[in-house]
Structure formats: structure tokens, C-alpha cells
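Here are the chains, one letter per residue:
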Amino acid sequence: MKKIIATTNAPAAIGPYSQAIDCGSFLVTSGQVPFDPKTGEFVPGGIQEQTRQVLTNVKAILEAVGLTMDNVVKTTVFLQNMSDFAAMNAVYAEFFTEGQYPARSAVEVGALPRGALVEIETICVK
């Protein structure tokens, strides 16, 4: 059983994929990049601004199905440059409850869609 999740409060998919898939007991989000859903453009600024927008987009998808960031059990963070890790991590910590942090992987990649500095995907338990 799978249900496609889509909300206008997060950027629309820019390819043949869904914002998220509800699989009954868990929800999987596609990687989010720092598009502002209101403008369709990347947010201005650097890694901190982009991380904040990415996680705001994730949060909007979760809220569309009645979940919160506390439902996130795993994240994968893709960074264009690992030297941005500390700045990304500072913003990342703002979105999760201390003591309830999800498991996480963070990797440096050669490139991200549209030149993004960060992309984050999640697995959530319902």
C-alpha cells in the first residue's frame, strides 16, 4: 500500500518523483532542496539559509499528513561541500527536539540539483 503525498506548502517535484510516499506505518520524503514554494526560486544566502528552507520544506510535507519533525527517524544530508557541515548542523539542530534526534548520515556529493548546497531526505515513523 502506498499513497502519494503532495502539498503546495513545499516545492512541487521537478521531475518524475513524489514529494513523499505514505507506506502505512512510515513516510518517506524525497530529497528536498532550498526552493521557496511561494516563489519557485532558491532562497538567497548560503548554507544556513538553504538548510533552513530545506527543513522548512520537509516540515511542510510532514504537516500535510499530520506528522511533526519528531516523527523523523532517519535523515540523509547531502552536502556540496563537507566544510559546510558545522553551519548546516547548527540550523539542523533547531528543527529537532533534543533527545529525540533522528539517526543521520551526511555525505559530500559532487553536485546537487540546480546547484544547491544541501539536500535532505527523511524516513518517518507514523
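Heads up: the structure comes first, above all this text.
These numbers were taken from a predicted model, which means no experiment stands behind them.

**So, the layout of surface pockets**
The volume enclosed by the largest pocket comes to roughly 160 Å³. For the largest pocket, the lining is made up of 13 residues, of which Ile14, Tyr17, Gly31, Gln32 and Val33 are closest to its centre. The leading source of residues in the lining of the largest pocket is strand β3 (residues 26-32), at three residues.

**Overview of the sheet that holds strand β5 (residues 103-108)**
Strands pair in a sheet through their backbones, by hydrogen bonds, and they do so in one of two ways: parallel or antiparallel. Reading across the sheet, the six strands line up as β1-β2-β3-β6-β4-β5 and stay open at both edges, with mixed pairing between neighbours. A single partner strand is all that each edge strand has here, and the edge strands are β1 (3-5) and β5. Across the sheet, the mean angle separating the axes of adjacent strands is 15° when strand polarity is ignored. Taken together, the three bridges between β1 and strand β2 (residues 20-22) define a ladder with antiparallel strand orientation. Looking across to β2, one finds that Lys3 is bridged to Asp22. Against the sheet, helix α1 (residues 47-64) makes contact with β1, β2, β3, β4 (72-79) and β6 (118-125), and its axis sits at roughly 30° relative to β6, the strand it touches most.

**What about the pairing of β6?**
Pairing between β3 and β6: five bridges, direction antiparallel. Counted as the bridge partner of Val28 is Ile123 from β6. Where β4 and β6 come together, seven bridges link them in antiparallel fashion. Within the sheet, the bridge partner assigned to Val77 lies in β6 and is Ile120.

Criteria and cut-off values
Residues numbered from 1 in each chain as written. Predicted model: local features only at pLDDT ≥ 70, side-chain atom pairs only at ≥ 80, totals over all residues. Heavy atoms only, no water. 1 Å grid on protein atoms, 1.4 Å probe; cavity = no way out; pocket = protein on both sides within 12 Å on 5 of 7 lines; lining within 4 Å. Points joined across faces, edges and corners; volume = space filled by probe spheres on them. Helix = DSSP H or I, 4+ residues; strand = E, 2+ residues; numbered from the N terminus. Pairing = 2+ DSSP bridges. Axes fitted to C-alpha atoms, helices over the stretch in contact; angles between N-to-C directions. Contact = heavy atoms within 4.5 Å.

Function cannot be read off these values alone, since they describe shape.
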